[in-house]
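Notes for the structure review
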Amino acid sequence: MSDEQIRVALPDGTVLEVPRGSTVGDVAARIGPGLAKAALASVVDGETRDLMYRLETDAAVRVLTERDPEALSVMRHSAAHVLATAVRLERPGAGIGFGPAIDEGFYYDFEVDEPFTPDDLARFEKRIEEIVAEDQAFERRVVGQEEARELFSDDPLKLERLDEFPDDEVITVYRNGPFLDLCRGPHVPSTGRLGRVKLLSTAGAYWRGDERRQMLQRIYGTSFFRQAELDEHLERLEEARKRDHRVLGRELDLYSTDPRVGSGLVLWHPKGAILRMEIENYERELILRHGYDLVYTPHLMSERIFEISGHLENFAENMYGPVEVEGTRYRPKPMNCPGHITIFQTQHRSYRDLPIRMAEFGTVYRYERSGVLHGMLRVRGFTQDDAHVFCTPEQVAGEIDRLIDLVDEMLETFGYPYTVELSTKPDKALGSDEQWAEAERTLAGVLEGRGMAYEIDAGGGAFYGPKLDFKLIDAIGRMWQGPTVQLDFNLPERFELEYIGDDNQPHRPVMLHRVLVGSMERFVGGLVEHYAGAFPVWLAPEQVRVLPVSEHWVDSAAELVESLKEEGIRASLHDRETLSHRIRDAELHKVPYMGVVGEREAEAGTVAVRRRGSGRKQVTMDRADFVRHVSEEAESRAIEETH
Ligand SMILES: [Zn+2]
Ligand SMILES: [Zn+2]
């Protein structure tokens, strides 16, 4: 092989010899003209790259086309640049911040005097169309720090970014048409390759997410390679908008926040509290049946414990500051583990005592920047349904298996299908390779033993152990963070946990952290959106609303309410305003059952029942039958159709 040739390994196992310095685009052309035409970007030795990327050494190369998921985020990042190009055409003075691709699209942050209006967005979209039609090439160039400062001398935000680069940083800029950006890339070859772009909304966003810095104007957009995919996405956004838990939370009177109390701190109203109580009651019953013990631990703990746990060292930026009492500094707890470990250590533990499964609805406090707070989903104080399992290494597989039983039962109750992801050893990790390999094998073995499909997030584990993440799929197909189980090689070491084995020698137990709902706040916020506020009977804050046809039948209706309440059913009497108004109101509040009582029903001891979502359809039932029916539906925790 001559010195000028390098070897390029393709995904199908073939190896091409190409001249050193060839671009990935050249490689695509060697493979075939069809691929060269469809190519958008590439993956070279695991890194996403442009097609113009030059290959200087042997490499593994995968050419990306529309069909590869990685191509979508490359294209969306290019769309963000085109958006900035458009904004600069309309508002030449706009300062430019960051413009990344995100899960569902992209955004770009601008420093402008006037916030953007919907009319602005329409104008920018038109400009984007023109720029796409012009098919401007994306050109990458490596520049020195000095030249970069020159190029962005009018852009204070970019200059600030440049200041932070270490001396050895390879600084790259990308140009398309008139627009130049400080950017790592990669990008698609030209603006003509963007697909369908739609601008969605604008919002204020602090520079660097820091509320002490200036407020920028963020424009969110999305793009897809096909119109049909874009249409489908927009429809889903519309559906999500109608289900927004912040809107429904207010309409259904579930929760609020108040600046006087503090951002990200949730006030649960009576109806929200019922929802939470039902979930907690259900889960308590479930985990006691699955062999857990319940504990309670304090909200404030001495800093001493967080020194031992390493939280002060590794997690301090997420913790609230100390409160000093009698010379000791206390912190609101960010996690429940230290408390549970302390309980474990109050006794000598033998292998016969293990596994010990300790559970708590533990309220924790974590600092989150105000810019990322979002309704109940992202908050600063939340209650975790947290548990820690202390077991022997041999018991890990059994414990994981038992946990998946629990997850299965719970998610079926709430009507969530789910997927599983196994996160493996990251570059920086505690514990030996063998320890990790065995733990990962154990987790994978349990999943495989159950015939469960799972994805691997290679290198995605925490530094202290591998984990399983369960992702919920909601009624409109969105993914939510669900149960997790995390193996921990770290805390048992730091706290020097021990149990006495059957060899009479001390051993380190394995520790599992697990949550099912995770944050109660986020879970309930998610449930509101999953059910669109129309909760199944067992969760509904108000299960039956009884409506007398006129004032003559109020007494008879009140008797029905009493007999419902006697069976523990949440029922109420509504007798003001016209019947049609009251029916409409019960529908608005998504009450599962209306019981209408008029002359016929009062005389016969019956009730005309309207089921939520059945329109004007009424079924006359014997009252005792109706009470039994509702009570059975609640007790069985049945999920009805949520549409
Ligand atoms: Zn960029
Ligand atoms: Zn924990």
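Everything discussed here concerns the structure shown above.
So, here's what we can say about the structure. (Residues numbered from 1 in each chain as written. Chains lettered and ligands numbered in written order. Predicted model: local features only at pLDDT ≥ 70, side-chain atom pairs only at ≥ 80, totals over all residues.)

**Here's the deal with the overall build of the protein**
A count of helices and strands for the protein gives 20 helices and 33 strands. With respect to the three principal axes, the spread of C-alpha positions in the protein is 95 × 75 × 55 Å. The buried share of the protein, taken over its 643 residues, is 35%. (Helix = DSSP H or I, 4+ residues; strand = E, 2+ residues; numbered from the N terminus. Buried ≥ 20, exposed ≤ 12 C-beta atoms within 10 Å, placed from the backbone.)

**Observations concerning the pairing of strand E32 (residues 606-611)**
Sheet topology places strand E31 (residues 593-597) next to E32; four bridges connect them, and they run antiparallel. Bridging from a neighbouring strand, Val596 pairs with Ala608 of E32. Note: E32 against strand E33 (residues 619-622), four bridges, orientation antiparallel. Residue pairing for E33: Ala608 is matched across the bridge by Thr620. (Pairing = 2+ DSSP bridges.)

**Observations regarding the sheet that holds strand E9 (residues 139-143)**
Taken in spatial order, the three strands make up an open sheet running E9-E10-E11, and their pairing is antiparallel. Looking at the sheet topology across the chains shown, the edges are occupied by E9 and strand E11 (179-182). Averaged over neighbouring strand pairs, the angle between their axes works out to 25° when direction is ignored. As paired strands, E9 and strand E10 (residues 171-176) are joined by five bridges and run antiparallel to one another. Residue pairing in the sheet places Val142 in a bridge with Thr172 of E10. (Axes fitted to C-alpha atoms, helices over the stretch in contact; angles between N-to-C directions.)

**Some thoughts on unusual backbone geometry**
Backbone torsion omega between Gly185 and Pro186 reads 0°, so that peptide bond is classified as cis. Turning to its location among the elements, Pro186 is positioned in the loop between E11 and strand E12 (196-206). The step from Leu354 to Pro355 runs through a cis peptide bond, and the omega angle for that step is -5°. Tracing the chain through its elements places Pro355 in the loop between helix H12 (337-344) and strand E20 (356-365). Although it is not a glycine, Asp45 sits at a positive phi angle of roughly 45°. Tracing the backbone shows Asp45 in the loop between strand E3 (41-44) and strand E4 (47-49). For Asp45, a count of 13 C-beta atoms within 10 Å gives the class partly exposed.

**Describing helix H1 (residues 24-31)**
Residues of H1 that are buried include every one of Val24, Val27 and Ala28, and no others. Seen from one end, H1 has its buried residues packed into an arc of 100°, which puts them on one side. Turning to H1, the residues buried within the fold contact strand E1 (5-9), strand E2 (15-19), helix H2 (33-38), E3, E4 and strand E5 (59-64). (Arc of directions from axis to C-beta. Contact = placed C-beta atoms within 7 Å.)

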